[in-house]
Amino acid sequence: MTNRLTINADSSAGQISRHIYGHFSEHLGRCIYEGFWVGEDSPIPNTKGIRNDVVQALKKLNIPNLRWPGGCFADEYHWKDGIGPRENRKRMINTHWGGVVENNHFGTHEFMELCELLECEPYISGNVGSGTVQEMSEWVEYMTFDGVSPMAELRKENGREKPWNLKFFGVGNENWGCGGNMRPQYYADLYRRYQTFVRNYGDNKIFKIACGPNVDDYAWMETVMRDAHRFMDGISLHYYTFPGSWENKGPATGFTEEFWFSTLHNALRMDELITRHSAIMDQYDPEKRIALVVDEWGTWYDVEPGTNPGFLYQQNTIRDALVAGITLNIFHQHCDRVRIANLAQIVNVLQSVILTEGEKMLLTPTYHVFDMYKVHQDAQLLQTSLQSENYEMNGKSVERVSASASVDAQGRIHVSLCNLDHSGAADVEIDVRGLAGSKLNVSGTTLTAGAIDAHNTFGNPDNVTPQAFTAFELNGSSIRAKLAPMSVTVLELAQA
Ligand code: AHR
């Protein structure tokens, strides 16, 4: 059997929100400190303390939004500790992550500065677990109120005259776990109360995100939707991919073919989770007003040997590139409900797009997938049908090929194709129907590697990088493409 993809170029299936290409930054390990923040006196070139190389690389990805300050850290974070002259800010222990000193040098002003440099929307997670309603309410007032008020005055005293635009606000994080070990009915009531005081000041309209379930906790989704859906714009879902179990996740490099397969098999579970959570949401929100916000996703492995176990630092291989490609394809297919998502985490933690070591920086295979896929941001998803061969191991089977297609504002069609198979190439017949033009010009980019754990190192930063894709034949409106084993490919079809 050959793999067949039919694309209906004249049939849109909804818009792919650019916000599914969001990222996540937490006060965890070397994400904020070293990954972004080096301080104004650092020899590493920086703008107001934020390193230039990382900002420059991330800007190329057209990052739409950045989530901060956590994660579990968010429900222990008291924002007033992170404002005012840095030398006066409280020093404390980051009890959740690594037991290291948190000097609060990166706070609200620094985060907003970072978002301005990245030209992305801020997504702030508020503290429900250990913070008060007043504290949350005042934070929003501090950031967004333009007028006479105690918090606006305080902001001005700290050097920021005008308020910032704040688009996304999460009311708590993982309140079923590190955010307070709550039961859903209790959280739903707290959500209703806290969100009341997350106010819209002036033109700033906040998109309020409730804490949703962990993985397949359908009871949490059911209860929070039932009791609080009227008060939210979005509800989160967290799902991480492990090759093994929570206790024994498996290494980021030097893994077996079985772990290659189980990683991709487990990543594909995202489709089932979204489908089933969406079905519950549909009961309370049939118009799909409320977004499913997958604001933590990605791979989670054992930490790199010799590193602080609380820092969650891991390498990133061609396997991670496949996880990124197939997950983004799943999000595209669910673009009616999944309208925001955040890969965990942006620099030096879990499935990062960037790793740093002192003044050095490298782009991971996952970075390259986000770069290749950015053409889908805000594009119209096209209706497709895919017939795929199976890829099997140890009695388990997945589809060998994952695909999605969209058309952008200029009429260019982009097709993203992943070959999950670690050893076999995949031939794909692509039939494009309903084209507006009479002729197609096809070009493409592909990311592949020669080993299942191929990755970039500070000594060899370009080991896994995208190449021009030429392994295709065009015949009218049909394309026959040969996808290399373990590859992610994006085709551009320009209509003349
Ligand atoms: O991303 C690491 C942690 O995973 C986050 O802090 C938490 O929200 C989740 O459990």
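Here the structure is shown first, and the text comes after it.
Here's a quick rundown of the structure. Residue numbers run consecutively from 1 along every chain, following the written order of its sequence. Where local features are concerned, this predicted model is filtered to residues with pLDDT of at least 70; where side-chain atom pairs are given and counted, the filter is 80 or more; whole-chain, interface and lining totals use all residues. With hydrogens and water set aside, each side-chain value is computed from the structure's full complement of heavy atoms.

1. Some points on the overall build of the protein chain
Secondary structure follows DSSP: runs of H or I at least 4 residues long count as helices, runs of E at least 2 residues long count as strands, and numbering of each begins at the N terminus. Within the protein chain, the regular secondary structure consists of ten helices and 26 strands. Within these notes, the globule rule equals 2.2 Å times the number of residues to the 0.38 power, and the radius of gyration is based on C-alpha atoms. Since a compact globule built from 496 residues should have a radius of gyration of about 23 Å, the 22 Å found for the protein chain is in line with a globular shape. Taken over the C-alpha atoms alone, the protein chain extends approximately 70 × 50 × 45 Å along its principal axes. Here the protein chain, with 496 residues, has 58% of them falling under the buried criterion. By definition in these notes, contact holds between two residues if any of their heavy atoms fall within 4.5 Å. Taking as baseline every contact in the protein chain between residues at least 6 positions apart, the subset at least 24 positions apart corresponds to 76%. Total accessible area computed for the protein chain in this model is approximately 18700 Å², and 47% of it derives from carbon and sulfur atoms. In the protein chain, which carries 43 positive and 61 negative side-chain charges, the distance between the mean positions of the two groups comes to 4 Å. Three exposure classes are used, based on accessible area relative to the maximum for each residue type with a 1.4 Å probe and protein chains only: buried under 20%, partly exposed in between, and exposed over 50%. Only the protein chains shown count as cover for residues, and the accessible areas themselves come from Shrake-Rupley with a 1.4 Å probe. The convention is simple: Lys and Arg are positive, Asp and Glu are negative, and His and the chain ends are not counted. Lys charges are placed at NZ, Arg charges at CZ, Asp charges at CG and Glu charges at CD.

2. Considerations on the site of the ligand
Near the ligand lie 13 residues; those nearest to it are Glu26, Cys72, Glu174, Tyr240 and Glu296. Here a polar contact is taken to be a pair of N or O atoms separated by no more than 3.5 Å, where protein atoms must pair a possible hydrogen donor with a possible acceptor and residues adjacent in sequence count only if both atoms sit in side chains. Within the side chain of glutamate 174, one N or O atom sits 2.7 Å away from an oxygen atom of the ligand. A distance of 2.8 Å separates an oxygen atom of the ligand from a polar atom in the side chain of tyrosine 240. Within the complex, the protein chains bury 94% of what would otherwise be the 280 Å² of accessible surface of the ligand. In terms of residue class, the shell around the ligand is built from seven nonpolar, three polar and three charged. Any residue with a non-hydrogen atom lying within 4 Å of a molecule or strand is treated as near it. Amino acids are sorted into nonpolar (Ala, Val, Leu, Ile, Met, Phe, Trp, Tyr, Cys and Pro), charged (Asp, Glu, Lys and Arg) and polar (every other residue, Gly among them).

3. Thoughts on the nonpolar core
By size, the foremost hydrophobic cluster in this structure holds 123 residues, and its most contacted members are Leu58, Phe169, Ile235, Trp297, Ile318 and Phe331. With nine residues, helix H9 (residues 318-333) is the single largest residue contributor to this core. Membership of the second largest hydrophobic core comes to 23 residues, among which are Ala403, Leu417, Val432 and Leu440. Nonpolar cores are built from buried Ala, Val, Leu, Ile, Met, Phe, Trp, Tyr and Cys residues. Side-chain atoms within 4.5 Å join them into one set.

4. What to know about the layout of surface pockets
Quantified by volume, the largest pocket comes out at close to 430 Å³. Of the residues forming the lining of the largest pocket, the biggest block, three residues, is contributed by strand S11 (residues 234-241). Split by residue class, the lining of the largest pocket holds 16 nonpolar, six polar and five charged. The pocket and cavity definitions rest on a 1 Å grid over protein atoms only: a 1.4 Å probe that fits but cannot leave marks a cavity, an open set with protein on both sides within 12 Å along at least five of seven lines marks a pocket, and residues lining either have an atom within 4 Å of a point. Grid points are joined across faces, edges and corners, and a volume is the space filled by probe spheres set on the points. For the second largest pocket, the calculated volume is near 340 Å³. Sorting the residues of the lining of the second largest pocket by element identifies H9, strand S16 (380-387) and strand S19 (401-407) as the ones contributing at least two each. No other element matches H9, which puts four residues into the lining of the second largest pocket.

5. As for the sheet that holds strand S26 (residues 487-495)
At least two DSSP bridges between two strands are needed for those strands to be called paired. Read across the sheet, ten strands follow the order S23-S22-S26-S20-S19-S16-S1-S21-S25-S24 without closing on themselves; strand pairing throughout is mixed. At either margin of the open sheet sits one strand with a lone partner, and together these are strand S23 (467-468) and strand S24 (472-475).

6. Points about the packing of helix H7 (residues 257-267) against H9
Here an axis means a line fitted to C-alpha atoms, over the contact stretch when the element is a helix, while the angle between two N-to-C directions is reported on a 0 to 180 degree scale. Contact geometry of H7 with H9 gives a least axis separation of 9 Å together with a crossing angle of 20 degrees. By the angle class used here, H7 and H9 are roughly parallel. When you trace H7 past H9, the crossing you get is right-handed. Together, Phe259, Trp260, Thr263, Leu264 and Ala267 of H7 and Ile318, Arg319, Leu322, Val323, Ile326 and Ile330 of H9 make up the contact between the two elements. Here the word oblique covers every angle except those under 35 degrees (roughly parallel), over 145 (roughly antiparallel) and from 65 to 115 (roughly perpendicular). Handedness of a helix crossing follows the sense of rotation of the near helix relative to the far helix, less than a right angle counterclockwise being left-handed and clockwise being right-handed.

7. Overview of unusual backbone geometry
The amide bond that connects tryptophan 68 to the next residue, proline 69, takes the cis arrangement and shows omega of 5 degrees. Tracing the sequence through the fold places proline 69 in the loop between strand S5 (65-68) and strand S6 (92-93). Across the junction of alanine 344 and glutamine 345, the peptide omega takes the value -15 degrees, indicating a cis bond.

8. Considering the pattern of salt bridges
By definition here, a salt bridge exists when the distance from a side-chain nitrogen of Lys or Arg to a carboxyl oxygen of Asp or Glu is within 4 Å. The final tally for this structure, using the stated rule, is 32 salt bridges. For the salt bridge of glutamate 34 with arginine 30, the shortest nitrogen-to-oxygen distance reads 2.8 Å. Between glutamate 40 and arginine 86 there is a salt bridge; the shortest N-O distance is 3.6 Å. Separated by 46 residues along the polypeptide, glutamate 40 in the loop between strand S2 (22-24) and strand S3 (46-47) and arginine 86 in the loop between S5 and S6 bring together distant segments of the chain. For arginine 86, a relative accessible area of 23% gives the class partly exposed. A single network of salt bridges, built from pairs that share partners, joins Asp282, Asp285, Lys288, Asp336 and Arg337.

9. Considerations on the pairing of strand S22 (residues 440-447)
Bridge count between S22 and S26: eight bridges; the pairing is antiparallel. The residue of S26 that forms the bridge with valine 442 is leucine 493. Two strands pair when backbone bridges link them, and S22 and S23 are joined in this way by two bridges, in the antiparallel orientation. Pairing of threonine 446 across the sheet is with glutamine 467, part of S23.

10. Let's talk about H9
Given a helix with a known number of residues, its expected span is that number minus one, times 1.5 Å. Look at H9: 23 Å from first C-alpha to last across 16 residues, which is about the 22 Å you get at 1.5 Å a residue. Burial of H9 is extensive: 15 of the 16 residues sit out of reach of the surface. The N-capping residue of H9, defined by a side-chain oxygen 3.0 Å from the backbone nitrogen of arginine 319, is threonine 317.

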